[in-house]
Amino acid sequence: MRQIDLCGKTAIVTGSGQGIGLATAKSLHQAGANLVVNYFDDPDGLNKKIAATAVEELGDRCISSPADVRHPEQLAQMCESAVNAFGGLDILVNNAGILRDRSFKKMSQPEWSDVIETNLTGVFNSCKAAVDHLNEGGVIVNVASLAAVTGFFGQANYASAKAGVVALTKVLSKELARQNIRVNAIAPGVVDTEMGKSIPEENRQAMIKMIPLGRFGEPSEIADVVLFLASDLSSYVTGQTIHINGGWWG
C-alpha cells in the first residue's frame, strides 16, 4: 500500500491557528511536511498567541508567519519566510476566511466587501504571492464551502465568495498546469469547529436532520482530504472541488 510521505515538502496553510486550518496543518506536518502556520495579526495579539501555541504543539519543522490575505505585500513576505526557512515551497492551502452573516436586505456594503475581500480576493492574492515560489509539481488546495452550491439564507456574501473560489480553482488548474501545479478545492459542510459549536442547539439539530450521515464533520476529516489532494496519491486530480458534507446538499 502506498503511504503519504511529504518529507522534504514545505506547506503554507492560511488561517491555520485553529479549526480546519489547524487540523490541516497537523495532518500535513504529521505526514512529514515543513509547515508555515499563518495568522491574522490582530491588535490584541490573540491570533499570534494561538499560532505560537500551534507551533509549540507541532514542534520542529514549523514556523509561524503573520499575513492578512487582503494585503499582497504581507503574503509575499510570508512566502519569502517559507523559502528562507525551508528552501522552497510546495503546498499552499487557502483556508483563511470570515463570516458576516445577515439577510440580503439588511446586509451592509462593508459586510459584503469584507467577506468578498477575505474569502475570494484573499485566495487570489495568496495564489499570486505563492505561484512564483512553488516548486515543479506544486499543489494548491482552496477551501470553498457547501454554501457555494446551496446558497444558505443570510450568506449572500459568503456563498458568492465561495462560489467564486470554485470558479477560480477551475481557471487556475488550467493556467498553472503548464508548470505542473495542480489546483483543487474542497467544499466542507458544517464542521464541529468553534464556529460550528456556536450554532444554537435547536438549529444544530435541524441541520443534522438534513445530513444523511446524521452528524457534523470533524476537522480531521476535512484535513484528511486536503492531505490526499496535497499528496502524490492525487497526481492526476486537478480542477476539482471535493465535497465533504456527509451527504447534505441543502
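Residues numbered from 1 in each chain as written. Predicted model: local features only at pLDDT ≥ 70, side-chain atom pairs only at ≥ 80, totals over all residues. Heavy atoms only, no water.

Q: What should I look at first to understand the overall build of the protein in this one?
A: Within the protein, the secondary structure is distributed over 9 helices and 7 strands. Taken against the 2.2 N^0.38 rule, which gives 18 Å for 250 residues, the C-alpha radius of gyration of the protein at 17 Å falls within 12% of a compact globule. Relative to its full complement of 250 residues, the protein shows a buried share of 50%. Look at the contacts in the protein between residues 6 or more apart in sequence, and 74% of them connect residues 24 or more apart. (Helix = DSSP H or I, 4+ residues; strand = E, 2+ residues; numbered from the N terminus. Rg over C-alpha atoms; globule rule 2.2 N^0.38 Å. Buried < 20%, exposed > 50% of the residue type's maximum accessible area, 1.4 Å probe, protein only. Contact = heavy atoms within 4.5 Å.)

Q: Can you walk me through the packing of aromatic side chains in this structure?
A: Taken as a whole and assessed by the stated rule, the structure comprises 1 aromatic pair. Ring centres of Phe152 and Trp248 lie 5.4 Å apart, and the angle between their planes is 45°; this geometry places the pair in the tilted category. Here Phe152 is found in the loop between helix H5 (147–150) and helix H6 (156–175), whereas its partner Trp248 is found in the segment after strand E7 (241–244), with 96 residues between them in sequence. Overall, the relative accessible area of 26% leaves Phe152 in the partly exposed class. Taking relative accessible area as the criterion, Trp248 reaches 6% and is therefore assigned buried. (Phe/Tyr/Trp six-rings, centres within 6.5 Å; stacked < 30°, edge-to-face > 60°.)

Q: How do you make sense of unusual backbone geometry when you look at a structure like this?
A: A negative phi angle characterises most non-glycine residues, just as the trans form characterises most peptide bonds. A positive phi angle, close to 60°, is found at Arg61, a residue other than glycine. Inspection of the secondary structure puts Arg61 in the loop between helix H2 (46–58) and strand E3 (62–66). Even without a glycine there, the phi angle at Asn180 is positive, about 60°. Relative to the helices and strands, Asn180 resides in the loop between H6 and strand E6 (182–188).

Q: Which parts of the structure should I look at to understand helix H9 (residues 219–230)?
A: Residues spaced three or four apart along an α-helix point in a common direction, a consequence of the helix completing one turn every 3.6 residues. Between its terminal C-alpha atoms H9 stretches 17 Å, which fits the 16 Å expected from 12 residues at 1.5 Å a residue. Looking at the buried side of H9, the elements it contacts are helix H1 (19–30), strand E4 (89–94), strand E5 (134–143), E6 and E7. (Expected span 1.5 Å × (residues − 1).)

Q: Can you help me understand the sheet that holds E7 in this one?
A: Strands pair in a sheet through their backbones, by hydrogen bonds, and they do so in one of two ways: parallel or antiparallel. Spatially, E3-E2-E1-E4-E5-E6-E7 is the arrangement adopted by the 7 strands of the open sheet, whose pairing is parallel. Strand pairing shows two members of the sheet lacking a second neighbour, E3 and E7, which therefore form its edges. Put simply, the sheet's adjacent strands are angled 20° from each other on average, direction ignored. Both E4 and E5 contribute to a ladder of 5 bridges, which runs parallel. Of the residues in E5, the one forming a bridge with Asn94 is Asn142. (Pairing = 2+ DSSP bridges. Axes fitted to C-alpha atoms, helices over the stretch in contact; angles between N-to-C directions.)

Q: What should I look at first to understand the state of the cysteines in this one?
A: Here a disulfide denotes a covalent bond joining the sulfur atom of one cysteine to the sulfur atom of another. Taken as a whole, this structure holds 0 disulfides when the rule is applied. With no disulfide of its own, Cys7 lies closest to Cys62 among cysteine sulfurs, the gap being 15 Å. For Cys7, a relative accessible area of 54% corresponds to the exposed category. Its sulfur unpaired, Cys79 is 9.8 Å from the next cysteine sulfur, which belongs to Cys127. (Disulfide = S-S within 2.5 Å.)

Q: Help me out: how do you make sense of helix H4 (residues 109–131) in this one?
A: Taking 1.5 Å of rise per residue, 23 residues should cover 33 Å, and H4 covers 31 Å from first to last C-alpha, within 8% of that figure. The largest bend in H4 is about 40°, located at Thr121. (Bend = angle between axes of the 7 residues up to and from the residue.)

Q: Hey, could you run me through the packing of H1 against H9 in this one?
A: Each pair of packed helices can be summarised by the angle the axes make with each other and by the distance between the axes. Two elements in contact, H1 and H9, have axes separated by 8 Å at closest approach and are oriented at 50°. Here H9 runs oblique to H1, going by the angle between their axes. Every pair of crossing elements has a handedness; the one defined by H1 and H9 is right-handed. Between H1 and H9, the contacting residues are Gly19, Ile20, Ala23, Thr24, Ser27 and Leu28 on the first element and Pro219, Ser220, Ile222, Ala223, Asp224, Val226, Leu227 and Ala230 on the second. Within the contact of H1 with H9, the residues separate by chemical class into 9 nonpolar, 4 polar and 1 charged. (Parallel < 35°, antiparallel > 145°, perpendicular 65-115°, else oblique. Left-handed = near helix turned anticlockwise from the far one by under 90°. Nonpolar A, V, L, I, M, F, W, Y, C, P; charged D, E, K, R; others polar.)

Q: What exactly am I supposed to notice about the nonpolar core here?
A: Proteins that are soluble and globular tend to have nonpolar side chains buried together. Membership of the largest hydrophobic core comes to 31 residues, with the highest contact counts inside it found for Leu6, Leu28, Leu35, Val37, Val93, Val141 and Ile186. Only strand E1 (10–13), H1, strand E2 (34–39), H2, E4, E5 and H9 provide two or more residues apiece to this core. Beyond its immediate sequence surroundings of up to four residues, Leu28 is in contact with Leu6, Ala11, Val13, Ala33, Val93, Leu227 and Ala230. The next biggest cluster of nonpolar side chains, apart from the first, holds 27 residues, and it includes Cys79, Leu89, Leu134 and Val166. (Core = buried A, V, L, I, M, F, W, Y, C linked by side-chain atoms within 4.5 Å.)

On their own, these measurements won't tell you what the molecule is for.
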